[in-house]
Number of protein chains: 2
Amino acid sequence: MFTCDFKDGVWQKPEITPYAPLTLDPSARVFHYGQAVFEGMKAYKDDNDDVWLFRPKDNLARINKSAERLAMPAFPEDVFMDGLKALINLDKDWVKPGFGNSLYIRPFVIATEPAIAASPAVEYKFLIICSPAQSYYSGDVRVLVAEQFSRSANGGVGYAKAAGNYAAQFYPTNLANQEGFQQIIWTDADKHEYLEEAGTMNVFFRINDTLVTAPTSERILDGITRKSIIQIAQDSGITVDVRPVKVTEIVEASKNGSLKEIFGSGTAAVVSPISAFSHKGELFEIPKQDKRYSDTFKEKLNGIQYNKTEDPYGWRESI
Amino acid sequence: MFTCDFKDGVWQKPEITPYAPLTLDPSARVFHYGQAVFEGMKAYKDDNDDVWLFRPKDNLARINKSAERLAMPAFPEDVFMDGLKALINLDKDWVKPGFGNSLYIRPFVIATEPAIAASPAVEYKFLIICSPAQSYYSGDVRVLVAEQFSRSANGGVGYAKAAGNYAAQFYPTNLANQEGFQQIIWTDADKHEYLEEAGTMNVFFRINDTLVTAPTSERILDGITRKSIIQIAQDSGITVDVRPVKVTEIVEASKNGSLKEIFGSGTAAVVSPISAFSHKGELFEIPKQDKRYSDTFKEKLNGIQYNKTEDPYGWRESI
Ligand SMILES: Cc1ncc(COP(=O)(O)O)c(C=O)c1O
Ligand SMILES: Cc1ncc(COP(=O)(O)O)c(C=O)c1O
């Protein structure tokens, strides 16, 4: 694992060491005040056993954006990129080739300073740990549209990968699971009128041949898969409407047959086709399309990620 | 420190051991998903060197309410009370006598299970740690009324002492500090029209001789000091209006001289008189009263806490 401590106002010398437990004072602020941010990214192996990253600098930029919102120090890009590549090189054998296989990479930062007062820490630890991964979601996903619980609000931390955002979703998601839904699509906290994003995915709607997705905001994470899909869709001649998405609009589109697809986007599964959604107790099934946009996007993204195709965007980065 | 592990679906045998670092896997969920809740309480020493707790069962009830919202298991009251008392008995010498002195007690629960998926842990640790404390806030406090940032939303976790709620306040509070304000009074995330609570305090307004405070809600922590003050005020013949408090109302009351006091309430300082608030760039000073309600409430609460007076409510609990 890669570790680097922040102390006396600066990031200290980074280290790569064998994976081992952390030793922290019980009063370390991360335990009490949730001062912790993280990222999720992957390394992919091609047929020549070369290993590739996908837009890794965007992950570093985002963890720094998250860190700023939680009053944590930014981490330098060069130390991150060097450390990341050195670590993945060491762990190369854990990256299995073949679509779906990858090494999941988890950079994260925690407040380590021991202190009981509810104020920002002056000591932190930046870590990168890895774990071999297969596809995250298996099969199609059924989702519940949030009507009571909420994930984030204007002026809050929804756009950050702040640790606390995730624990806050566990209980509502458990309730949804009990009703047979794997995920919740969060709506605006105020009136639950707009569809925003799912637990760890941004959400796209295909209405006839147009792709619709909510704009990123203070409440919505700026997903790297999301923006890659928007780019690929536009370059494939698909109209992409980035605008607030009303729940009633999607319900209507489902009823009149113009709703062709819903899918989530995220590093974990690339795209997760959603087969049904429930809103106010009513279940809406989405008829399976012959040629789904979601399959095309997954194929194109995987092509770039696994070095099977051209990368006109410069998204792929070799180790 | 007191520790108890949750494993195989049950809380294991609790232990009291010397204060020592925790050893946790880097993938422990608390680091990634902020699955952590906490409490804050105090032990007080009277002139006979006897030590007292204040409504401790309410803290346990609240940590369990917080835990439920974060999909964490409840902790049994009897194990908590026995462990707490045994621990405080051992640490008795750290409780200094005299108003303002106390032993701050921090119960908390963290998700210890190593696993990378964003879902609730199946292993947890419940801990109680202590630290000698003096008054938390020194002097009067100047506050900023939130106009842009927000602390919680309907359907969220604002009513829970969830770790992530606190880290989320650090950055806005830093900005407020830079402008010379110690705290933020949070308003509703939607329109910033209603005054809700401060970082670690509920908030009271005295308008002429009436005490006004916001009702607890999904967004506001049910403070133990708050409800004790409401009780004491009512029993002293003071009218207490528990109702939503409009920012404009308080601005108006400040302008026409009917706003006599604002104070925060919380375990840390009992009451913190607020001497000025800023709203939309305008500063409102609160003229110092001769006999402040806040002083009376502090005196009465301290009297009960330090075993100086009768305790008609049964709030005091001996160790
Ligand atoms: C809340 C949230 N939304 C969306 C995403 C998808 O983002 P990305 O495509 O960068 O993985 C994630 C996962 O990282 C997430 O946690
Ligand atoms: C958000 C918040 N509000 C209010 C309070 C005051 O609650 P109590 O009086 O129980 O200490 C606290 C502190 O515990 C708090 O964290």
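Because the structure is predicted, anything quoted here is derived from the model rather than measured.

Attention now moves to the site of ligand 1. Residue and element names in this part refer to chain A. Near ligand 1 you find 16 residues, and of these Lys161, Tyr166, Glu197, Thr225 and Thr267 are the closest. At 2.6 Å from an oxygen atom of ligand 1 is found a side-chain nitrogen or oxygen belonging to Thr267. Bound to the protein, ligand 1 loses 97% of the 390 Å² it would expose on its own. Listing elements by their share of the shell around ligand 1, those giving two or more residues are β13 (201-207), α5 (224-235) and β17 (259-266). Its residues placed into classes, the shell around ligand 1 shows four nonpolar, eight polar and four charged.

All names here are of chain A. Enumeration according to the criterion identifies 44 aromatic pairs over all chains in this entry. Each ring, one from Phe80 and one from Phe126, has its centre 6.0 Å from the other, and the planes form 75 degrees; the classification is edge-to-face. Here Phe126 lies in strand β9 (residues 124-133) and Phe80 lies in helix α3 (residues 77-90), a separation of 46 residues in the sequence. When sorted by exposure, Phe80 lands in the same class as Phe126, which is buried. Taken together, a centroid distance of 5.2 Å and an interplanar angle of 15 degrees make the contact between Phe204 and Phe263 stacked.

Below, the discussion takes up the environment of Pro312 of chain A. Residue and element names in this part refer to chain A. On the secondary structure map, Pro312 appears in the loop between α7 (293-305) and β20 (316-318). Judged by relative accessible area, Pro312 falls into the exposed class, the value being 64%. Along the backbone, Pro312 and Ile274 are 38 residues apart, and their C-alpha atoms lie at a distance of 29 Å.

All names here are of chain B. Per the counting criterion, the structure on display carries zero disulfides over all chains. A disulfide-free cysteine, Cys4 has its sulfur positioned 16 Å from the sulfur of Cys130, the nearest such atom. We classify Cys4 as buried; its relative accessible area is 1%.

Counting from both sides, the interface comprises 53 residues of chain B and, opposite them, 53 residues of chain A. Around 4500 Å² of area is buried between chain B and chain A when both sides are counted, 64% of it from carbon and sulfur atoms. It is Pro26, Phe31 and Phe170 of chain B that lose the most area in chain B upon contact with chain A, and together they represent 16% of the buried surface on that side. At the boundary of chain B and chain A, one finds 19 residue pairs in polar contact (both at pLDDT 80 or more). Listed by contribution, the elements that provide at least two residues to the side of chain B that touches chain A are β4 (22-24), α1 (29-33), β5 (36-38), α2 (56-69), β8 (102-111) and α4 (163-178) of chain B. Per-element accounting of the side of chain B that touches chain A gives the leading share, nine residues, to α4 of chain B. Within the side of chain B that touches chain A, the residues separate by chemical class into 34 nonpolar, 14 polar and five charged. Strand direction decides the pairing type here: strand β4 (residues 22-24) of chain A and β4 of chain B, joined by three bridges, are antiparallel.

All names here are of chain A. Feature annotation in UniProt assigns "modified residue: N6-(pyridoxal phosphate)lysine" (unreviewed entry) to the following positions: Lys161. Summarising the element assignment, Lys161 is placed in the loop between β10 (141-145) and α4 (163-178). For Lys161, a relative accessible area of 10% translates into the label buried. Beyond its immediate chain neighbours, meaning those up to four positions away, Lys161 contacts Ala36, Val37, Phe38, Glu39, Gly40, Arg62, Ser66, Tyr166 and Leu221.

Residues and elements named next belong to chain B. Near ligand 2 there are 16 residues, and of these Lys161, Tyr166, Glu197, Thr225 and Thr267 occur at the shortest range. Here an oxygen atom of ligand 2 sits 2.8 Å away from a polar atom, N or O, in the side chain of Arg62. Contact distances for ligand 2 include 2.8 Å between an oxygen atom and a backbone N or O atom of Ile224. In the complex, the protein chains occlude 97% of the 380 Å² of accessible area that ligand 2 would expose alone. Going through the elements one at a time, α5 (224-235) and β17 (259-266) are the ones with two or more residues in the shell around ligand 2. Grouping the constituent residues of the shell around ligand 2 by class yields four nonpolar, eight polar and four charged.

Criteria and thresholds
- Residues numbered from 1 in each chain as written.
- Chains lettered and ligands numbered in written order.
- Predicted model: local features only at pLDDT ≥ 70, side-chain atom pairs only at ≥ 80, totals over all residues.
- Heavy atoms only, no water.
- Near = heavy atom within 4 Å.
- Polar contact = N/O pair within 3.5 Å; in protein donor to acceptor, adjacent residues only side chain to side chain.
- Areas by Shrake-Rupley, 256 points an atom, 1.4 Å probe, with all protein chains shown as cover.
- Helix = DSSP H or I, 4+ residues; strand = E, 2+ residues; numbered from the N terminus.
- Nonpolar A, V, L, I, M, F, W, Y, C, P; charged D, E, K, R; others polar.
- Phe/Tyr/Trp six-rings, centres within 6.5 Å; stacked < 30°, edge-to-face > 60°.
- Buried < 20%, exposed > 50% of the residue type's maximum accessible area, 1.4 Å probe, protein only.
- Disulfide = S-S within 2.5 Å.
- Contact = heavy atoms within 4.5 Å.
- Buried area = accessible area lost by both parts, 1.4 Å probe.
- Pairing = 2+ DSSP bridges.
- UniProt positions renumbered as here; feature names shortened; annotations may be inferred.

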